[in-house]
Amino acid sequence: MADTTLDAMVIGAGVAGLYELHQLREQGLRVRAYDTASGVGGTWYWNRYPGAKFDSEAYIYQYLFDEDLYNGWSWSQRFPGQAEIEQWLNYVADALDLRRDISFNTTIERAEFDEDTNRWTVTTDSGETIDTQYLITCCGMLSAPMSDMFPGQQDFAGQIFHTARWPRDGVDLAGKRVGVIGNGATGIQVIQTIADEVGHLDVFIRTPQYALPMKNPSYGPDEVAWYKSRLPEFQQNLPNTFTGFEYDFTDAWDDLTPEQRLARLEDDYENGSLKLWLASFAELFSDEEVSEEISEFVRQKMRARLQDPELEELLIPTDYGFGTHRVPLETNFLEVFHRDNVDAVPVKNNPITRIAPEGIVLADGTVYELDVIVMATGFDAGTGALTRIDIRGRGGRSLAEDWGRDIRTTMGLMVHGYPNMLTTAVPLAPSAALCNMTTCLQQQTEWIADAIAYMRAHDKTVIEPTEEGEEAWVAHHDELADANLISKTNSWYTGSNVPGKPRRVLSYVGGVGAYRAATLEAAAAGYKGFALS
Ligand code: NAP
């Protein structure tokens, strides 16, 4: 006999989990959410490293389903920091009275589907067992840190932190010798934030990043009133754009003259947001020449800021196209390297081989002596959160083993062989990477809630994608992905940051609007591609 019996169990109390819990409770289900963390927030609970902040505009990184909820919170900036975002998610949890149905400090270790009862048995790290009809994973796409990376790490004599496990009380970096490994979106935010505070900073750089300067004005009553008045526009617009942002691709490259194109690029660059990436020219994802022209536009901007051939060589990307993996926004990131207390250490041809008690050791034997090592080394994205749980579907099949061979899902919402397991932020949907996350997570959690409502209304108890339905979606996904230049670049977008992970573009790249239409059409056709019994 299980300790707890539920209709639906939600793993995760971040952006998706909170909303899923709310929706299913509104339907009258016995539902409970579980989270390893001691509070709500998901990504915004864990990533409390120095400088962590949005790079979606705060007013669109919001729940859009409830006008009062939207209007009851006011942002202080266009791109606020982690503390404010965590406060906002606490506001949401309180406003919807969610806490009473969340178990914090609880890690899910195992979930097993019973083919006789058609129910899941879930086990937590404290040994509690939960018997549930539906298992809904809201674990986030970037929640399984790549933290155990180098031999000797545990013997380091100083302090070592992965950015996604930054201590709540912060870390005193004043005057210390600090090394940062990684210069993705996270590393960039850390580096630009701590350079001033530390004694000396060594930044270990393997692959440079295209950097776009963020413009981050403060918001007072006028700006807040302005964006709140736009809620109906956001409700209408965001779910139907290419990436769930307020802006979208409008002009075709070939329709404009070179002067018009340049003016458009300048304009988008000056916006100080991700507009240059997500609303300039869609051809940057498909046409090598356009990709190169836009990449060169960004490189010139970076050169003008660096004005140092050695730094330009190290910090400006040349071997992949702008936007073929996640573009970071930054504030004086490049200028940090002009400081006397900051060194960029190239590790592409002279890699980090191990961590010694005194610091980081490179292949040529050089040792960088450090007091603190910051691992901004990223995540096992999209799949890691679930493969780190022992999930067993039909016939005892293991999700970790299945995805260890081939990463497949049906619309990122279910996996064949795992009945009644509904997923968010997993591969083959835009929510795996190419999306303003709240837009996509709201859409997926609403689809799941609607599917469960449909099942109950039609006296069905089991839903599962058919093998053919899944194959069709995987083939459609791959066709689009293979034609997209994202597939040619190594990054977490293709899983290449995790040794042994099967390569596949994780995100659906057909666009958020098209994806939404496909999922709604399947539902409207009585869940086409899924078997209901
Ligand atoms: P990431 O983009 O995967 O970057 C990891 C970094 O670690 C890369 O620079 C990588 O270099 C480096 N690295 C990994 N192993 C290494 C090794 N053995 N030696 C040297 N360098 C190594 O991870 P992230 O920066 O945490 O970002 C992940 C995602 O989180 C972002 O793309 C974004 O979607 C999200 N994020 C969002 C925000 C926001 O503003 N909202 C902020 C931060 C992060 P290589 O490139 O050479 O592998």
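Residues numbered from 1 in each chain as written. Predicted model: local features only at pLDDT ≥ 70, side-chain atom pairs only at ≥ 80, totals over all residues. Heavy atoms only, no water.

## Regarding the overall build of the protein chain
So, step 1. On a plain count of helices and strands, the protein chain comes out with 16 helices and 20 strands.
So, step 2. Computed over the C-alpha atoms, the radius of gyration of the protein chain is 23 Å, within 12% of the 24 Å expected from 2.2 N^0.38 for a compact globule of 533 residues.
So, step 3. Seen through its principal axes, the protein chain has C-alpha atoms that stretch 70 × 60 × 45 Å.
So, step 4. Within the protein chain, the fraction of its 533 residues that count as buried is 59%.
So, step 5. Counting only contacts in the protein chain whose residues sit at least 6 apart along the sequence, the fraction spanning at least 24 positions is 71%.
So, step 6. About 20600 Å² of surface is accessible on the protein chain, with carbon and sulfur atoms providing 46% of the total.
So, step 7. Counting 43 positive and 80 negative side-chain charges, the protein chain places the averaged centre of each group 3 Å from the other. (Helix = DSSP H or I, 4+ residues; strand = E, 2+ residues; numbered from the N terminus. Rg over C-alpha atoms; globule rule 2.2 N^0.38 Å. Buried < 20%, exposed > 50% of the residue type's maximum accessible area, 1.4 Å probe, protein only. Contact = heavy atoms within 4.5 Å. Areas by Shrake-Rupley, 256 points an atom, 1.4 Å probe, with all protein chains shown as cover. Lys, Arg positive; Asp, Glu negative; His and termini not counted. Charge placed at Lys NZ, Arg CZ, Asp CG, Glu CD.)

## Thoughts on the pattern of salt bridges
So, step 1. By the definition in use, this model includes 37 salt bridges.
So, step 2. With its nearest N and O atoms 3.2 Å apart, the salt bridge here joins Arg394 to Glu115. With Arg394 in the loop between strand E17 (390-392) and helix H13 (399-405) and Glu115 in the loop between strand E4 (108-114) and strand E5 (119-124), the pair connects residues that are 279 residues apart, well separated along the chain.
So, step 3. Accessibility expressed as a relative area gives 40% for Glu115, which makes it partly exposed.
So, step 4. For the salt bridge of Arg299 with Glu292, the shortest nitrogen-to-oxygen distance reads 3.0 Å.
So, step 5. Among the residues examined, Arg299 registers a relative accessible area of 4% and is labelled buried.
So, step 6. Overall, the relative accessible area of 39% leaves Glu292 in the partly exposed class.
So, step 7. One network of salt bridges, in which partners are shared, links Arg25, Arg32, Asp97, Arg100 and Asp101. (Salt bridge = Lys/Arg side-chain N within 4 Å of Asp/Glu carboxyl O.)

## Side note on the site of the ligand
So, step 1. Close contacts around the ligand come from 23 residues, with Lys53, Thr186, Arg206, Thr207 and Trp492 the closest.
So, step 2. Asp55 is positioned such that a nitrogen or oxygen atom in its side chain is 3.1 Å from an oxygen atom of the ligand.
So, step 3. Taking Asn183, its main chain carries an N or O atom lying 3.0 Å from an oxygen atom of the ligand.
So, step 4. Contact with the protein chains covers 86% of the free accessible surface of the ligand, which is 910 Å².
So, step 5. If you tally residues by element for the shell around the ligand, the top one is helix H5 (residues 185-194), at three residues.
So, step 6. In terms of residue class, the shell around the ligand is built from 11 nonpolar, eight polar and four charged. (Near = heavy atom within 4 Å. Polar contact = N/O pair within 3.5 Å; in protein donor to acceptor, adjacent residues only side chain to side chain. Nonpolar A, V, L, I, M, F, W, Y, C, P; charged D, E, K, R; others polar.)

## Let's talk about the side chain of Ser431
So, step 1. Tracing the sequence through the fold places Ser431 in the loop between strand E18 (421-423) and helix H14 (437-457).
So, step 2. Look at Ser431 and you get buried, because its relative accessible area is 1%.
So, step 3. Beyond its immediate sequence surroundings of up to four residues, Ser431 is in contact with Met141, Ala425, Val426, Met437, Cys440, Leu441 and Gln444.

## Focus on empty space enclosed by the protein
So, step 1. Taken as a whole and judged by the stated rule, the model has one cavity of 30 Å³ or more.
So, step 2. In this structure, the largest cavity occupies an estimated 30 Å³ of space.
So, step 3. Looking at the largest cavity, the residues that line it are Gln209, Tyr210, Tyr320, Gly323, His325, Arg326, Val327 and Pro328.
So, step 4. Residue composition of the lining of the largest cavity, grouped by class: four nonpolar, three polar and one charged. (1 Å grid on protein atoms, 1.4 Å probe; cavity = no way out; pocket = protein on both sides within 12 Å on 5 of 7 lines; lining within 4 Å. Points joined across faces, edges and corners; volume = space filled by probe spheres on them.)

## A look at the packing of aromatic side chains
So, step 1. Using the criterion set out here, one finds 39 aromatic pairs in the structure.
So, step 2. Both rings, one in Trp473 and one in Tyr515, keep their centres 6.1 Å apart while their planes meet at 65°; by these two values the pair is edge-to-face. Placement of Trp473 in helix H15 (residues 467-482) and of Tyr515 in helix H16 (residues 512-524) is noted, with a sequence separation of 42 residues between them. Both residues of the pair, Trp473 and Tyr515, count as buried.
So, step 3. An aromatic cluster of three or more residues is present, and its members are Tyr19, Trp44, Phe54, Tyr61, Tyr63, Phe65, Trp73, Trp75, Trp88 and Tyr91.
So, step 4. Stacked on the ring of Tyr45, the Lys or Arg Arg48 has its end atom at 5.1 Å from the ring centre. (Phe/Tyr/Trp six-rings, centres within 6.5 Å; stacked < 30°, edge-to-face > 60°. Lys NZ or Arg CZ within 6 Å of the ring centre and 35° of its normal.)

## Brief notes about the packing of H14 against H16
The packing of two helices is summarised by the inter-axis angle and the distance between the axes.
So, step 1. Relative orientation of the contacting elements H14 and H16 amounts to 5°, with a least axis distance of 11 Å. With respect to each other, H14 and H16 are oriented roughly parallel. Of H16, the residues touching H14 (which contributes Thr439, Cys440, Gln443, Gln444 and Trp447) are Val512, Tyr515, Arg516, Thr519, Leu520 and Ala523. (Axes fitted to C-alpha atoms, helices over the stretch in contact; angles between N-to-C directions. Parallel < 35°, antiparallel > 145°, perpendicular 65-115°, else oblique.)

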